[in-house]
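Observations on the three-dimensional arrangement
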Amino acid sequence: MLSLSSLPSTVVPSLPFSPGRFANGGQWAGCSSQQVVLFQTLQEALREIDLPETQDLPQGVSHSQLCICVLGSPLPYLSLLLEAGQRSPGDALLCLSPSWLSRSSSSLLVHKAVMFDLGGRTFLSTFNPPRRVTYFLSCDPWTKEEVSLGTDCPSGGSGPLGQFWEDVLNTRVLLQKAKIHCPPTLALLLPKGQMGLGEGRTGGVKVMHLEMGVEEWENSTQNEVDAFLESEGVRGSERVVLRCSGGRFVGEATSPPVYLSRDKDEVWAKVSYLLPQLLPGEAVLLEAYCSPLKPGLRVEDRTWEQYTDCRAQVADLSFRLCAIVTRSPQDLPLLYKLVCRVGVSATPLSHCHSLCQSLETTLLECGFTDPAMATSLRRLATDTTLSCFRVVMETESSMTADDRGGAGGQTDMIGVDLLFTMDGSSITTVVLGFHSSLCLHSSLLEQGIGMESCDSGIEGWNRGTLLLTPLTRSQCYLMQGKTILVVGAGGHSKKFIWKAVKHYQLKILLVDSDPAHFAFQLVDHFLALPDLTDHRRDEQHCSSICDWLSSSGLHPDGCVCFWDDCVVLASIVCDRLGLRGPPTEAIRIAKEKSRTHRHLLGLLRSTRTNLISVEQPSGQADGLVEFRDCERRERQQNGMVNMEGDSMRAMADFDRGDLFSEVIGKPKAASPPSPFTSHSSSFSQSFGTFQPTAPLLSPSPSSYAVPCIHVESSLDLEKATRGGAGGAGGFGVGVVRFPAIMKLEYGAGAVGVRKVGSLEESLAHFERIGGDLREETDYPGIGLCWGNAMTLMEYVGGTEHDVDLVLFEGRLEGAFVSDNGPTRAPAFTETAAQMPSGLAADKRVQLIHAAYHACLGCSLRDGVFNVEMKMTEVGPKLIEINARMGGFYLRDWILELYGVDILMSAFMVSCGIRPCLPSATSLPARGHFAGVMVVVSQHLQALRDTATPERLRRLHNEGTLRLNELADEDELISGEYEEPFCNIGIRDAHSAANARQRLLALCQGLGLHCPPRYDLGYFLSHFN
């Protein structure tokens, strides 16, 4: 039977083929024997790992625009295909012949392929029209077929790159230049014209050019060999290793190493036999044998009689490490897998003929029983392999497109062979060479090895890292040239958006109220609507935007908003244009904090997963309706601003008749068709309909809501604390107990938030806000353009967290949890944060589920959302839902730690492209971030002296810290109400505690640690 662990990637089995055994045997009548053998190889491999054989594609199987395509043998990238098929069913394809592909302009198209689906199922499929490839890989026997040349398709490798990196001589010279330890090597190279490596020494590698046909070349070459055998680097070796390199001798299967003694005559006899057979560009390599770590003394588990009578002969074993390293979307090396190959030391270890086990097991057999030593050695091996891949990326960055095999060609994954050896009294690593796909292929059966828990995301078995770059590059390729309408430019803290869109090659149409906004020159088209902040006129604004698009001949593929004030307007525009986005009712529910909670508390489960809300039309309980006339008069006395009719709540009302009609199946009146309806409008009913849902296997979203009340007058506060009529779902307005939190209903940045302990305190704070924060000009950017109504919410204890979600068609595509430190008393401005969360794994899952189901309960099914939660003793509780991407530092931290750009995810969702990630909730993090907020009221002197914005930027550019600027320098003005000026963060690769310690030390040096009034040590201690 064919064995994955014994079949080289360059060889396919020559076994008899019976078409009737496999799917659609008639399709193979005109196929080449190579295609038939490759297809049979796939069937044997699937059976070996207990998966069903390939079938014909059944009716109804769908796929997305994503298309990851592998050309060649199924073995090298089988694990990638299976994983991709599980995460994005139908979008991983295996082509067994170049004839199954074609080129059209700059695109690579696939006409026929084996499609990978859920559960390891495979289907033989023909595509008409053909599918556009979004990510391409090739392997033997078709590596040299330049099918992607001339296309712009992203490629994770190519024939030229594979040939280059599997040439041992090339690899060792480059590694030696980077000071990475390799075996001492003598290379006898037959040069290829003026190209290739020059003569000379690079570290421990010496290259000698051969001059065939020149008299006495043999004597000079033999002298070089003898001198190498007597050199210091070889003299201490037990033996030497002989192999060929370059040209025909690329890869382990075509150039297996041979062990020789250090006898000069024996070595020269072998070398002189090989030299005449070389072709230009090929070399004979003679290298020192590096003795690997060997097993120490063992305690045999036997009786004394067994031990004395027949002592077992322990074989002389050796091992080497096999690492698979991948490239992150940000061009950073990531360790995917690290395993050991174990075998008898008398013969060279081979990927295909050696046992595979974990590093920890191997070290135990070698006598290293100390877990700390095992952790140290794992880290040593990890650092070496990551350094190797940095050499790969740096080298390819200086290559031409032709050298890389095409404009989109680069090495996204590679195997690194290395071993531990003793250098005096210390253990060091020695790198033996690279393999493009052999390590991935030969370790498929050991998928359970190396999954040990570790203290950082770059160690151990990190499944998500294999697919992260193929998926990300595919999605960026699909998004190139898309036109995105952005409503609301935002402030200084949103500057990163306009830099990112240029990198992603997006076309941006921006609408904002400020005609002189700094983003005006950074986008493709700009519309200034001076009265955009008047949200009573959002319907008129929507018409103005649509008229502008129509008259300019602009047709956006998506519409998004990153600025809280404009989220409702953006949803109205999406609905008008037939673009993907949450329904306007859902956005309005999320926009008004108290309404979010009252909506969730008022949900009643129906006979199916759809829910109906018994929330009152105004979002208030019946008991407050009788007070409306009194409130109108009192609001003017209290300074509470009213924007339309009774309040801004009139804008948030929705037609309950439509909602109930939808639930019972009655059709709504059809809206007139929009002239802007795009190709995605046929799906608009599925993503534009207000349809709250609740889980069947988890608690109802109502369990995460907190009692609260909308406050526009002192009567509301008195009613809330002295009892009143019951409201939705049996919830009475009199159940808001003290202590409680008072905050602006439509506010942002925690401005105006206070903890109140009594009715008197809440009335005093209500009066203060009514006098200080009346309209947008009093404090721009915190939501006052929506009014200054307030929320009284019951105080909930526990730890505070942000959960950033990526949702597509109601499916959770990504979730990232961070921890917030204690807020500053008496206000609630943020002080410190860390990511990933330090909570236990099950607690993190609870937060993610709570945030996810709260969004679905509000009918937020498409988009990137930031959900603020608290983890209490009885589980998660909701603070608020921000119906847009998280602000401050969150996007940058997620991008650096997880390689996921939630900004790009928001753009993709708006265009109807699924932002598929390798894992929704368990991507490994590349380290730990800790950050603190800098506020003008406490740090004004430091910001003018020891921590000036200019110095902070310089430290950021040097990589000393991560700076997120949240305000402009001209906003260095202290006031009673304030938002953070900037955030300073530190990333540590291994430990959250180290990140906090380094951050505290840095802030002390910058003069930002100011105990007791702003004690960063105290703020950060809450994460211990």
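What this report covers is the structure whose coordinates are included nearby. All of these numbers come straight from a predicted model, not from anything done at the bench. (Residues numbered from 1 in each chain as written. Predicted model: local features only at pLDDT ≥ 70, side-chain atom pairs only at ≥ 80, totals over all residues. Heavy atoms only, no water.)

Focus on the nonpolar core
- Core analysis: the biggest nonpolar cluster contains 130 residues, and L101, I508, F907 and I984 have the highest contact counts within it.
- If near-sequence neighbours (up to four positions away) are discounted, I508 is found in contact with I484, V486, W498, V501, V523, D524, H525 and F907.
- Counting residues in hydrophobic clusters, the runner-up holds 63 residues, among them I572, Y704, I848 and C855. (Core = buried A, V, L, I, M, F, W, Y, C linked by side-chain atoms within 4.5 Å. Buried < 20%, exposed > 50% of the residue type's maximum accessible area, 1.4 Å probe, protein only. Contact = heavy atoms within 4.5 Å.)

Side note on the sheet that holds strand β27 (residues 754–756)
- Taken in spatial order, the four strands make up an open sheet running β25-β28-β26-β27, and their pairing is antiparallel. Each of the sheet's edge strands pairs with one partner strand only, and the pair in question is β25 (708–711) and β27. On average, each strand axis in the sheet is tilted by 25° relative to the strand beside it, whichever way the strands run.
- Judged from the four bridges that link them, β25 and strand β28 (residues 790–794) form a sheet pairing that is antiparallel. Across the sheet, the residue bridging to H710 is T791, located in β28.
- Packed onto the sheet, helix α22 (residues 714–722) meets β25, β26 (740–744) and β28 and runs at close to 160° relative to β25.
- Relative to the sheet, helix α23 (residues 759–772) contacts β25, β26, β27 and β28, its axis offset from that of β27 by approximately 150°. (Pairing = 2+ DSSP bridges. Helix = DSSP H or I, 4+ residues; strand = E, 2+ residues; numbered from the N terminus. Axes fitted to C-alpha atoms, helices over the stretch in contact; angles between N-to-C directions.)

What about the packing of aromatic side chains?
- Under the defined criterion, the tally for this structure stands at 12 aromatic pairs.
- Taken together, the ring pairs connect F888, Y889, W893 and F929 into an aromatic cluster.
- Over the ring of Y289 we find R239, and its NZ or CZ is 4.5 Å from the ring centre.
- Note that K495 overlies the ring of F518, its terminal NZ or CZ placed 5.2 Å from the centroid. (Phe/Tyr/Trp six-rings, centres within 6.5 Å; stacked < 30°, edge-to-face > 60°. Lys NZ or Arg CZ within 6 Å of the ring centre and 35° of its normal.)

Some remarks on the side chain of E800
- Secondary-structure assignment places E800 in strand β29 (residues 799–808).
- Although buried, E800 forms no salt bridge, and the nearest oppositely charged side chain, K870, lies 5.1 Å from it.
- If we ignore the near neighbours within four places in the chain, the residues touching E800 are S818, D819, N820, T823, E868, M869, K870 and I879. (Lys, Arg positive; Asp, Glu negative; His and termini not counted. Salt bridge = Lys/Arg side-chain N within 4 Å of Asp/Glu carboxyl O.)

Here we look at the pairing of strand β17 (residues 413–423)
- Taken across its 11 residues, β17 has nine buried, putting it largely inside the fold.
- Summarising the sheet, strand β14 (residues 317–327) and β17 pair through six bridges and their orientation is antiparallel. Across the sheet, the residue bridging to L321 is L418, located in β17.
- Bridge count between β17 and strand β18 (residues 426–435): nine bridges; the pairing is antiparallel. Looking across to β18, one finds that G415 is bridged to H435.

Topic: the packing of helix α15 (residues 567–577) against helix α16 (residues 584–591)
- Running from N to C, α15 and α16 point in directions that differ by 175°, and their axes come no closer than 9 Å. Between α15 and α16, the interaxial angle falls into the category roughly antiparallel. For the pair α15 and α16, contact is made by V567, V568, S571 and I572 and by T584, I587, R588 and K591, respectively.
- Of the residues belonging to the contact of α15 with α16, the class tally is four nonpolar, two polar and two charged. (Parallel < 35°, antiparallel > 145°, perpendicular 65-115°, else oblique. Nonpolar A, V, L, I, M, F, W, Y, C, P; charged D, E, K, R; others polar.)

Things to note about α23
- Relative to the 20 Å expected for 14 residues at 1.5 Å per residue, α23 spans 20 Å between its end C-alpha atoms, a close match to the ideal helical length.
- Regarding α23, the residues found buried are L759, S762, H765, F766, I769 and G770. Taken end-on, α23 shows its buried residues confined to a sector of 140°, consistent with a single buried face. Exposed and oriented more than 90 degrees from the buried face of α23 are E760, E767 and G771. (Expected span 1.5 Å × (residues − 1). Arc of directions from axis to C-beta.)

Some points on the pattern of salt bridges
- Applying the stated criterion across every chain yields a total of 33 salt bridges.
- In this structure, D892 and R962 form a salt bridge, with 3.8 Å as the shortest nitrogen-oxygen distance. Remark: R962 occurs in strand β35 (residues 962–965) and D892 occurs in helix α25 (residues 890–898); sequence separation between them is 70 residues.
- For the salt bridge of E896 with R962, the shortest nitrogen-to-oxygen distance reads 2.6 Å. One end of the pair, E896, is in helix α25; the other, R962, is in strand β35, and 66 residues separate them in sequence.
- By sharing partners, the salt bridges in this structure join R327, D331, E396, D412 and R473 into a single network.

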